[in-house]
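# Examining the three-dimensional arrangement
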Amino acid sequence: MKGSGMKFHVKVWGGLLLFLLSCLSLASAQDKFRLKPGARGKLCLGCHSEFEEKLRKSSVHSPVKGGECSECHNPHASSHGKLLAADGRKVCVICHESIIPDKAVSNHSVVKEGRCNRCHDPHASDVPFNLVKAGKGLCLDCHQDLAKGMERAKFKHSPVERDCLPCHDPHGSSEAKALLKRDLASLCSSCHPMDQPDFLKKHLNYPVGKTDCSSCHEVHGSNREGLLQENLHGPVSNRMCGTCHEASSSSTPFKTKRLGYELCRSCHGNMLRDTFSRSRIHWPLLDREGCLSCHRPHASSQKGLLKDEKKSLCATCHADTVLTQAKLAQREKQEREEARGKVIKGALTHLPIQEGKCDSCHASHGSDGMFLLKGSSVIELCGTCHDWSKHTTHPMGPKVVDPRNRNRSLDCLSCHRAHGTGNRYLILLPTVTELCVQCHKQYKR
Amino acid sequence: MGISLIPIVIYLLLPSFTGAAERVTFRHLQSLYQDDRGKGLREPEGLFCRDRNLLIVADTGNDRLVEYRLQDGSFRSQQERKTSELARPIGVQLHSKGDLYALDGRKRRIVRLGPEGEFRGYLEPEGIPSPSLFVPRSFRLDAQDRFFILDHFSRRVLILSPEGKYQRQLLCPQGGGFFSDLAVSAQGTIFLLDSLKGTIYFAPKGEKEFALFAGPLKEHLSFAVGLTTDPRGILYVVDKHGGGVVLIAQDGTFLGRQLSLGWNEGLLYYPTQICINENGEAFIADQGNHRVQRFKLTP
């Protein structure tokens with residue numbers, strides 16, 4: 001008994017000693033820098049008095065509220081603006097590391113780029129979560145196309161009119177595309193139960209509850225009743241889903257009756273006959289996706305049921321051309337600014353590409369001309385815009401042989417490259433002289 | 001995506017000739033513009049070469065094949081092979097027994113021609129899965145006359161026996177863009193080109209799926225559509241929109257870019273395919289210039 005009592009005393013005193021040593025060690029660490037009380041932030045307010053007003057706002061960032069300015073700022077010196085403790089685009093993730101889900105299906109580009117202050121005030125605001133603006137107005141400041149569409153829409157979607165957050169996660173979503181909190185069908189069904197007779201009747205008894213509602217509906221507002229998209233495919237507007245799909249009672253009701261372009265042939269036979277009679281065909285038409293490589297099957301905000309506006313659509317495959325044009329446009333702008341009003345002759349860019357009108361020159365389905373150009377004559381094609389080429393021009397045409405290549409006749413593309421070269425007048429060589437002396441060798445120096 | 005690392009490891013164990021490849025350059029030897037009757041080539045898109053002295057050109061715009069043979073140091077046309085059953089040939093391969101197989105670019109089917117150019121039928125693959133979903137985009141014959149066909153519709157590479165019977169298929173990698181061409185090396189490795197991503201995939205002999213070999217190479221390739229390999233295993237990628245050829249080493253590293261865009265001899269204007277013969281000569285279907293160009297590869 002005596003021995004066990006002794007052991008107890010040793011444990012108690014030993015524990016007490018350890019505690020005292022820990023306290024001493026902590027105090028010594030705090031004293032190491034001889035910090036004044038409040039040195040981690042509260043002292044800052046002595047000079048930065050404007051923050052007192054900020055601190056009175058309803059939503060204050062917790063480190064600010066706790067007087068911990070040094071959580072984000074270095075009080076002495078920093079390699080980053082505003083004495084930030086890290087790069088302005090990375091400082092927030094020091095604490096908010098998991099703001100974008102690990103396996104995000106979609107993420108908000110501003111979050112990914114670390115531009116948190118586009119939406120949040122890092123110190124305080126009168127809007128919850130330190131947002132710089134309340135409600136959907138914050139989102140629509142950037143998403144202006146959407147804002148314009150919503151404003152023009154005759155039929156509004158009430159949740160959208162209120163706020164974006166009922167459907168979207170502003171940072172990232174691990175569940176669905178477009179920052180949606182869940183897949184669209186399950187989101188929609190929370191307000192529009194899809195097993196109701198009226199709902200089923202409207203959808204011709206097709207079990208659309210597991211599909212993408214935006215395939216037909218414009219969820220942000222539309223000029224069509226039922227929030228249907230601006231441009232509808234004939235069978236959709238005529239409620240003839242069975243034209244393309246198996247019957248709604250089938251075990252595979254959404255399966256299409258045929259694959260690829262074969263499905264479209266029954267209605268668009270003339271167009272496809274014309275396309276297949278051409279010497280060249282646009283290869284995407286021939287794969288499993290077929291027409292759906294570029295078109296949407298049900299509805300679209302774009303004419304011709306295109307998947308996207310033309311420039312972006314073509315760029316999904318021909319990014320090289322569109323990117324080159326974008327770079328050239330930037331250079332054009334810069335050089336014209338530097339010229340300060342002085343005339344610069346010759347363009348670096350080609351207007352139809354800038355305007356996203358690839359189909360001004362190209363036949364997107366098929367063509368007899370090279371590069372899927374419209375018509376068989378490059379000269380005629382270019383002449384539709386550059387009409388002087390028909391009367392005042394260098395000799396061109398099928399009978400004028402290119403001196404550099406006996407198998408080529410001279411046309412506009414003998415000197416120019418319509419997608420841009422980096423040289424003015426879209427010529428392949430840096431100067432006009434260098435280009436001309438390729439054939440007119442007698443003038444070569 | 002299911003891309004296995006095993007084929008990469010196996011392939012890296014093969015002997016490398018990277019060092020020598022780094023010095024490969026193209027020296028222009030000849031430009032072929034016409035046949036022996038003076039008829040000019042028109043948008044030639046495909047070609048085939050074998051041994052030291054045979055070149056067959058798919059003269060796409062003229063709906064024919066033209067055979068060239070080496071005579072006194074120059075390739076001269078010998079024979080035109082034209083039949084109403086073949087339109088806009090975009091690829092051509094020679095069977096060891098003398099028959100020619102050409103891919104019809106208008107009807108997208110493989111046409112078989114006899115040595116004199118006579119029509120001998122279409123290649124009808126026997127026993128392939130989903131035969132109605134078959135649209136050939138490109139094809140090759142290996143040394144054993146087996147067919148390797150890139151099926152655009154079903155995004156797969158079909159391997160057929162010399163008689164056209166189905167042996168097996170490899171699905172193109174998921175997430176790929178536009179698979180435009182394939183090549184088969186002497187060791188039986190299949191290479192696959194994705195034009196949109198500037199990526200090359202490969203499947204060593206016997207492998208069941210493709211693995212990433214090189215890329216994305218978008219900084220070096222605008223829109224590549226042609227692919228071949230030389231006896232040393234170096235890959236030559238024809239950049240159609242960029243007017244050049246990119247070389248890839250046996251380990252997938254970028255070796256450099258050769259040739260450039262233009263109309264003069266030695267320059268390329270929307271080239272499509274390349275073929276390398278046993279003499280170390282490269283032939284390029286210079287489609288936009290309506291000619292075939294012959295280069296000496298100089299290490």
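The written sequence of each chain sets the order in which its residues are numbered from 1. Labels are handed out in written order, letters beginning with A for the chains and numbers beginning with 1 for the ligands. Since the coordinates come from a predicted model, pLDDT governs what is reported: local features require at least 70, and pairs of side-chain atoms require 80 or more to be given and counted, while whole-chain, interface and lining totals use all residues. Only hydrogens and water are removed before side-chain values are computed, so all heavy atoms of the structure are retained for them.

### A few points about the packing of aromatic side chains
Rules: Two rings from Phe, Tyr or Trp (for Trp, the six-membered ring) form a pair when their centres are within 6.5 Å of each other. A pair whose planes differ by under 30 degrees is stacked, one over 60 is edge-to-face, and the rest are tilted. Under the scheme used here, helices are H or I runs from DSSP no shorter than 4 residues and strands are E runs no shorter than 2 residues, and both carry numbers assigned from the N terminus. The classification of residues rests on relative accessible area computed with a 1.4 Å probe and restricted to protein chains. Under 20% of the type maximum is buried, over 50% is exposed, and intermediate values are partly exposed.
Tallying each qualifying case throughout the model produces 15 aromatic pairs over all chains. Here the aromatic rings of Phe191 of chain B and Phe213 of chain B are separated by 5.1 Å at their centres, their planes lie at 70 degrees, and the arrangement is edge-to-face. Of this pair, Phe191 of chain B sits in strand β15 (residues 190-194) while Phe213 of chain B sits in strand β17 (residues 211-214), placing them 22 residues apart in sequence. The pair formed by Phe191 of chain B and Phe213 of chain B is uniform in burial state, with each residue classed as buried. Through a chain of ring-to-ring contacts, the aromatic side chains of Phe371 of chain A together with Trp263, Tyr269 and Tyr270 of chain B assemble into a single cluster.

### Quick word on the pattern of salt bridges
Selection rule: Here, a salt bridge means any Lys or Arg side-chain nitrogen found within 4 Å of an Asp or Glu carboxyl oxygen.
A complete count under the given rule lists 36 salt bridges over all chains for this structure. Between Asp274 of chain A and Arg278 of chain A there is a salt bridge; the shortest N-O distance is 3.1 Å. Exposure remark for Asp274 of chain A: the relative accessible area of 38% places this residue in the partly exposed category. Here Arg69 of chain B makes a salt bridge to Glu67 of chain B, at a shortest N to O gap of 3.1 Å. Connected through shared salt-bridge partners, Arg331, Glu332, Glu335, Arg336 and Arg424 of chain A make up one network.

### So, the state of the cysteines
What counts is decided by this rule: When the sulfur atoms of two cysteines come within 2.5 Å, that pair is taken as a disulfide.
The full count for this structure, using the stated rule, is one disulfide over all chains. Residue pairing for Cys49 of chain B: its cysteine sulfur links by disulfide to Cys275 of chain B, the two sulfurs lying 2.0 Å apart. Sign of the S-S torsion, about -100 degrees for the bond between Cys49 of chain B and Cys275 of chain B, identifies this disulfide as left-handed. Pair noted here: Cys49 of chain B is in strand β2 (residues 46-50) and Cys275 of chain B is in strand β22 (residues 274-276), with a separation of 226 residues, a long-range link. The pair Cys49 of chain B / Cys275 of chain B is uniform in exposure class, with both members buried. Take Cys213 of chain A: it sits in no disulfide, and the sulfur closest to it among the cysteines is that of Cys188 of chain A, at 3.7 Å. By relative accessible area, which is 15% here, Cys213 of chain A ends up buried. The closest cysteine sulfur to the non-disulfide-bonded Cys172 of chain B is located on Cys317 of chain A, 15 Å from its own sulfur.

### A word on unusual backbone geometry
Of note, the bond from Gly215 of chain B into Pro216 of chain B is cis; its omega dihedral lies within 30 degrees of zero at 5 degrees. Take Pro216 of chain B: it is sitting in the loop between β17 and β18 (224-229). Of note, Leu305 of chain A is a non-glycine position whose phi angle comes to about 55 degrees, a positive value. With respect to the helices, strands and loops of the structure, Leu305 of chain A is situated in the loop between β7 (299-300) and α13 (310-315). The exposure class of Leu305 of chain A is buried, given its relative accessible area of 11%. Its identity is not glycine, yet Phe371 of chain A carries a phi of approximately 60 degrees, on the positive side. Mapped onto the elements, Phe371 of chain A comes out in the loop between β8 (366-367) and α16 (378-383). Relative accessible area serves as the criterion here: at 26%, Phe371 of chain A is assigned to the partly exposed category.

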